[in-house]
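Descriptive structure summary
Next come the chains, spelled out residue by residue.
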Amino acid sequence: MEQRLPAEPLVALAPGPSPLPPGRLIFEHVAAALLADGLIAPADRERIRLSTQNARNASEVHPLVLLANLKLAASHARGGELGLEQLTEWLARRSGQRYLRIDPTRVDVAAVTAVVSHPYARRHRILPLAVDAERILVATSEPMALDWQEDLQHLARRRIEIAMVNPLDLHRYTMEFFGVTRSVRGASDGRGEPGSDLPSFEQLVELGRAGDVNADDHHIVHIVDWLLQYAYEQRASDIHLEPRRDVGRMRFRIDGVLHKVFEVPPPVMTAMVSRIKVLGRMDLGERRRPQDGRIKTRSPGGREVEMRLSTMPTAFGEKCVMRIFDPDAAFKSIDQLGFSAEEAAGWNALVGRPHGIVLVTGPTGSGKTTTLYSTLKRLATPDVNVCSVEDPIEMIAPEFNQMQVQTNIDLDFASGVRTLLRQDPDIIMIGEIRDLETAQMAVQASLTGHLVLSTLHTNDAPSAITRLLDLGVPHYLVASTLNGVLAQRLVRTLCHHCKRPCELSDADWAVLRDADEALPDAITSYAPVGCLECRRTGYLGRVGLYELLPISARLRSLIRADMDLAGFSRAARGDGLRTLRRTGLEKVAEGLTTIQEVLSVLPPTEQ
């Protein structure tokens, strides 16, 4: 992983005179410094005195943790309680050190754990965070006990830079980083050199080498358990396990962008994939064909989380991708999805009709499934029968009757819809309309009085109509059954912790002028900056862009076998269609994202 050593302090803190003596921090001294700095009110002296007596029996607990547990009221202008992070920042200022919050996705775990041993790190309460040819960034929770610095600088022959971090984060990541490194090392010992487990077409036979790592090895179990929990905590939507010739690579997709987080030897990667296949009830012996599976587990907070698994044979072994479905993310209200009030009213009107077809379009990863699941969850009242046929079932929902496509037994979308029509449904959700037979069954279901929701892969909403016509659906059936189309994209939202106002460039103004619809003349634009909260990307989270096209009587009359898509799009805009570009630029005007981010997800050309 690329090393990233911050050249400047991440938070500007002016060092002041420190009353703290050298050596390990003592509760009484830290509390006295807080009082001397006026960070807490004099009325808390008695509470601190009583806590000091109790703290003498808790010498292993960091003084800042003890003070944070007291929930003391801060006496400064912002008020509130003195939390652990605020106390850490104060201590960094008092000791003249840099204040830092650990971003674990930016740490090369293998490199930093090779700098010092685990016992040494625990004894001195330090943790290396980044290493390069000239310097080492070391986190500490004991800024007055730096007797280790000279020894480490001499041994590593690099300049040592020190940063003050939250003591609980330091303890946690010290245990996790050294723990997973120890498991990787334990799983690798005696298993041969990297490259000895290549697939058959590039087999390298070396006599006397040990066999594969067992998927049930306790080291492998620990690595996989850590990986799943780690991914959930970092808000990852996908986990990628990618085998390579010399090393196996793990990456997380966070807010639509992939981040490399860890590397392991190839035999360990093979064993990890095997372990995941066991958990997903997949065929462990089959490595030549792609496989699908699913895992249901619990988040650190105790909530059930589903993961969809997919394996694929590659040149250097099986690649595995796990898509994480957090119920809180998969089932959201219309407002949480990013709909405006006008869009929400239009969408609710479409899906509130008793029959007809409603389509959601967009590329893979644009949030179509989340929109459909959130809508179905709201529609699935006790007096309604909601059925779906999916490939695969993304998220198990107790409110629906969900059926999985099984191509090996000829259960495809079309035959699945045919079966659902005999199940007395009110609402049918088809995972995707891929062919004419499925489209015909969707039309048949809508003509017989059912509401049908499904997805298509098109660039924008009007293109969904030409797509149905290209599949072979007669134009008069499209005109009579289609209620509306929703095209959508996901764009990253600016981090509210660090975004700053900026002037629009000439290119940005050109984009605004080229928009078909009028926008406000004065727009307050914001630029991404980057901070620890957003992993220095400038973006935190995502929001939906929507292009809602209800099929009015005028538009139905324009649906013909030889329909002119450009003319239809102009007519739709005349009826009030707000294009993806328009909704995206409105998000820019609201300060939620940037023009560059919007343009990166728009179709290559606007109709």
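Thresholds applied
Residues numbered from 1 in each chain as written. Predicted model: local features only at pLDDT ≥ 70, side-chain atom pairs only at ≥ 80, totals over all residues. Heavy atoms only, no water. Helix = DSSP H or I, 4+ residues; strand = E, 2+ residues; numbered from the N terminus. Buried < 20%, exposed > 50% of the residue type's maximum accessible area, 1.4 Å probe, protein only. Pairing = 2+ DSSP bridges. Contact = heavy atoms within 4.5 Å. Axes fitted to C-alpha atoms, helices over the stretch in contact; angles between N-to-C directions. Disulfide = S-S within 2.5 Å. Phe/Tyr/Trp six-rings, centres within 6.5 Å; stacked < 30°, edge-to-face > 60°. Parallel < 35°, antiparallel > 145°, perpendicular 65-115°, else oblique. Nonpolar A, V, L, I, M, F, W, Y, C, P; charged D, E, K, R; others polar. Core = buried A, V, L, I, M, F, W, Y, C linked by side-chain atoms within 4.5 Å. Salt bridge = Lys/Arg side-chain N within 4 Å of Asp/Glu carboxyl O. Expected span 1.5 Å × (residues − 1). Right-handed = clockwise from strand over helix to strand, strands pointing away. pLDDT = per-residue confidence, 0-100.

Okay, unusual backbone geometry next. Excluding glycine, most residues fall at negative phi; most peptide bonds, likewise, are trans. Phi angles above zero are rare outside glycine, and Arg 157 is one such case at about 55°. Within the secondary structure layout, Arg 157 lies in the loop between helix H7 (148–156) and strand S4 (159–164). Positioned with a positive phi, Asp 255 is a non-glycine residue whose angle comes to about 55°. Along the chain, Asp 255 turns up in the loop between strand S6 (248–254) and strand S7 (257–264). On the basis of relative accessibility, which here comes to 14%, the residue Asp 255 falls in the buried class.

Sheets are built from strands paired through backbone hydrogen bonds, the pairs being either parallel or antiparallel. Taken in spatial order, the four strands of this open sheet run S1-S4-S3-S2, and their pairing is mixed. The open sheet has two free edges, formed respectively by strand S1 (98–99) and strand S2 (126–131), since each of these has just one partner strand. The sheet contact formed by strand S3 (residues 135–140) and S4 spans six bridges and is parallel. Bridging across to S4, Thr 140 finds its partner in Met 164. On the sheet, H7 packs against S2, S3 and S4 and is oriented at approximately 140° with respect to S4.

To continue, consider the state of the cysteines. Evaluated as defined, the whole model comprises zero disulfides. Free of any disulfide, Cys 495 has its nearest neighbouring cysteine sulfur in Cys 531, separated by 3.8 Å.

Attention now moves to the packing of aromatic side chains. Applying the stated criterion to the full structure yields seven aromatic pairs. Measuring from centroid to centroid gives 5.5 Å for Tyr 230 and Phe 252, while their planes differ by 65°, and the two rings are edge-to-face. Within this pair, whereas Tyr 230 is found in helix H9 (residues 218–233), its partner Phe 252 is found in strand S6, the two being separated by 22 residues in sequence. Aromatic pair Phe 339 and Tyr 546: ring centres 3.9 Å apart, planes at 15°, arrangement stacked.

A few words now on the packing of H9 against helix H10 (residues 266–279). Between H9 and H10, whose axes approach to 10 Å, the crossing angle comes to 70°. The orientation of H9 relative to H10 falls into the category roughly perpendicular. Residue-level contacts link Ile 220, Val 221, Ile 223, Val 224 and Leu 227 of H9 to Val 268, Ala 271, Met 272, Arg 275, Ile 276 and Leu 279 of H10. Looking at side-chain class alone, the contact of H9 with H10 contains 10 nonpolar, no polar and one charged residues.

Further remarks concern the nonpolar core. Grouped together as the largest cluster of nonpolar side chains are 63 residues, with contacts concentrated most on Leu 241, Met 250, Met 272 and Met 322. The leading source of residues in this core is H9, at nine residues. In this structure, Val 389, Phe 413, Ala 439 and Leu 580 belong to the second largest nonpolar core, which totals 55 residues.

Here Leu 241 shows up in strand S5 (residues 238–243). Separated by 81 residues in the primary sequence, Leu 241 and Met 322 have C-alpha atoms spaced 8.5 Å apart. Setting aside its immediate chain neighbours within four residues, Leu 241 contacts Leu 227, Arg 249, Met 250, Met 269, Met 272, Val 273, Ile 276, Glu 318, Lys 319, Cys 320 and Met 322.

Here the focus is the pattern of salt bridges. Taken as a whole and assessed by the stated rule, the structure comprises 25 salt bridges. The closest approach of N and O atoms between Asp 132 and Arg 135, which form a salt bridge, is 3.9 Å. Here Asp 132 falls in the partly exposed class, since its relative accessible area comes to 27%. Two residues, Arg 135 and Glu 161, come together in a salt bridge whose shortest N-O distance is 2.7 Å.

A few words on the environment of Leu 494. Relative to the assigned elements, Leu 494 resides in strand S16 (residues 482–494). Its relative accessible area of 6% is what places Leu 494 among the buried residues. For Leu 494, the contacting residues outside a window of four places in its chain are Lys 499, Tyr 526, Ala 527, Pro 528, Gly 538, Tyr 539, Leu 540, Gly 591, Leu 592, Thr 593 and Thr 594.

Glancing now at the sheet that holds S16. What the seven strands build is an open sheet, ordered S13-S12-S14-S15-S11-S16-S19; its pairing is mixed. At either margin of the open sheet sits one strand with a lone partner, and together these are strand S13 (401–404) and strand S19 (539–550). Strand-to-strand twist across the sheet, computed as the mean angle between neighbouring axes with direction ignored, equals 20°. With four bridges joining them, strand S12 (residues 386–390) and strand S14 (residues 427–430) adopt parallel strand pairing. Bridge pairing in S14 places Val 389 opposite Ile 430.

Now for helix H16 (residues 436–447). In this model, H16 (12 residues) spans 16 Å end to end at C-alpha, consistent with the 16 Å of a helix rising 1.5 Å per residue. Buried-residue contacts for H16 involve strand S11 (356–361), helix H15 (413–420), S14, strand S15 (451–456), helix H17 (461–471) and helix H18 (475–481). Count one or two residues on from H16 and you reach Gly 449, which has phi positive near 95°.

Turning next to the pairing of S15. The buried fraction of S15 amounts to six of the six residues, a majority that puts the element mostly inside the structure. The two faces of S15 match: Leu 451, Leu 453 and Thr 455 on one face and Val 452, Ser 454 and Leu 456 on the other face are all buried. Pairing between S11 and S15: six bridges, direction parallel. Bridge pairing in S15 places Val 360 opposite Thr 455. Where S14 lies against S15, four bridges are found, and the strand directions are parallel. Across the sheet, the residue bridging to Met 429 is Leu 453, located in S15. Crossover handedness for the path S14 to H16 to S15: right-handed.

Now for the pairing of S6. Among the seven residues in S6, five count as buried, and that is most of the element. In terms of strand pairing, S5 meets S6 through six bridges, oriented antiparallel. Its bridge partner lying in S6, Ile 239 is registered against Phe 252. Counting the residues between successive antiparallel strands, the hairpin from S5 to S6 contains four residues.

Bringing the confidence of the model for the chain into the picture now. Across the chain, the average pLDDT comes to 82, with 84% of residues at 70 or higher. Least confident of the elements in the chain is helix H11 (residues 327–330), whose mean pLDDT is 62; most confident is S11, at 95. Predicted confidence for residues 1–18 stays below pLDDT 50, and this span has 45 contacts to residues more than four positions away or in other chains. Long-range and interchain partners of residues 192–211, a stretch whose pLDDT sits below 50, account for 26 contacts in this model, where long-range means more than four residues apart.

Quick look at H17 now. Counting buried residues in H17 gives nine out of 11 residues, a clear majority hidden from the surface. Along H17, the positions that sit buried rather than exposed are Ala 461, Pro 462, Ser 463, Ala 464, Ile 465, Thr 466, Leu 468, Leu 469 and Leu 471.

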